[in-house]
Amino acid sequence: DATRPAPPPVRAAADEVRRFGRDDSFPLKPQRIVDELRAALGDEDILISDVGVHKLGLATRYPATRPNTVVIANGLASMGIAIPGAVAAKLVHQRG
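All values derive from a computational prediction rather than experimental measurement. (Residues numbered from 1 in each chain as written. Predicted model: local features only at pLDDT ≥ 70, side-chain atom pairs only at ≥ 80, totals over all residues. Heavy atoms only, no water.)

1. Topic: the nonpolar core
Grouped together as the largest cluster of nonpolar side chains are five residues: Val17, Val34, Leu47, Leu58 and Tyr62. Contact partners of Val17, with chain neighbours within four places excluded, come to Gln31, Val34, Asp35 and Arg61. (Core = buried A, V, L, I, M, F, W, Y, C linked by side-chain atoms within 4.5 Å. Buried < 20%, exposed > 50% of the residue type's maximum accessible area, 1.4 Å probe, protein only. Contact = heavy atoms within 4.5 Å.)

2. A closer look at the side chain of Gln31
Relative to the helices and strands, Gln31 resides in helix 2 (residues 30-40). A polar side-chain atom of Gln31 sits 2.8 Å from a polar atom in the side chain of Glu16. Gln31 has contacts with Glu16, Val17, Phe20, Gly21 and Arg61, leaving out every residue within four places of it along the chain. (Helix = DSSP H or I, 4+ residues; strand = E, 2+ residues; numbered from the N terminus. Polar contact = N/O pair within 3.5 Å; in protein donor to acceptor, adjacent residues only side chain to side chain.)

3. Regarding the side chain of Thr69
Mapped onto the elements of the fold, Thr69 is located in the loop between helix 3 (54-61) and strand 2 (70-72). Among the polar contacts listed, one links the side chain of Thr69 to the backbone oxygen of Arg66, at a separation of 2.7 Å. In contact with Thr69, not counting residues within four places along its chain, are Asp43, Glu44, Asp45, Ile46, Leu47 and Ala64.

4. Thoughts on the packing of helix 2 against helix 3
Close contact between helix 2 and helix 3 brings their axes to 10 Å; oriented N to C, the two are set at 60°. Here helix 3 runs oblique to helix 2, going by the angle between their axes. The hand of the helix 2/helix 3 crossing is right-handed. The residues of helix 3 that touch helix 2, namely those facing Gln31, Val34 and Leu37, are Gly57, Leu58 and Arg61. (Axes fitted to C-alpha atoms, helices over the stretch in contact; angles between N-to-C directions. Parallel < 35°, antiparallel > 145°, perpendicular 65-115°, else oblique. Left-handed = near helix turned anticlockwise from the far one by under 90°.)

5. A short note on the pattern of salt bridges
Evaluated as defined, the whole model comprises 10 salt bridges. Between Asp15 and Arg18 there is a salt bridge; the shortest N-O distance is 2.3 Å. With Asp15 and Arg18 both in helix 1 (residues 8-20) and three residues apart, the pair spans about one turn of that helix. Residues joined by salt bridges that share partners form a network here, namely Arg22, Asp24, Arg32, Asp35 and Glu36. (Salt bridge = Lys/Arg side-chain N within 4 Å of Asp/Glu carboxyl O.)

6. Section: helix 3
Among all positions of helix 3, only Lys55, Gly57 and Leu58 are buried. Angular distribution of buried residues about the axis of helix 3 spans 160°; they occupy a single face of the element. Turned more than 90 degrees away from the buried face of helix 3, the exposed residues are Leu56 and Ala59. Against the buried residues of helix 3 lie helix 2, strand 1 (47-49) and strand 2. (Arc of directions from axis to C-beta.)

Here's what the structure looks like:
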């Protein structure tokens, strides 16, 4: 339900992205990368994360605007899901 307030951990992650999303320091902060991704992708675009430590940052900080628009391999997944996942997403969600 979109009218319910977000739980505290979600609010904290969103606040963190707002606070550091435009930070120009080097190396880039994960919050900056998440902020740039959110700005570049449309609401119906699909983000597919490969396996690695970065998936934790995406899972906790990336604000998905629609269901099924963020795909993150979990469990005992092997590396390499992003490329075949992107191909599958394109085949399933072709735009005229």
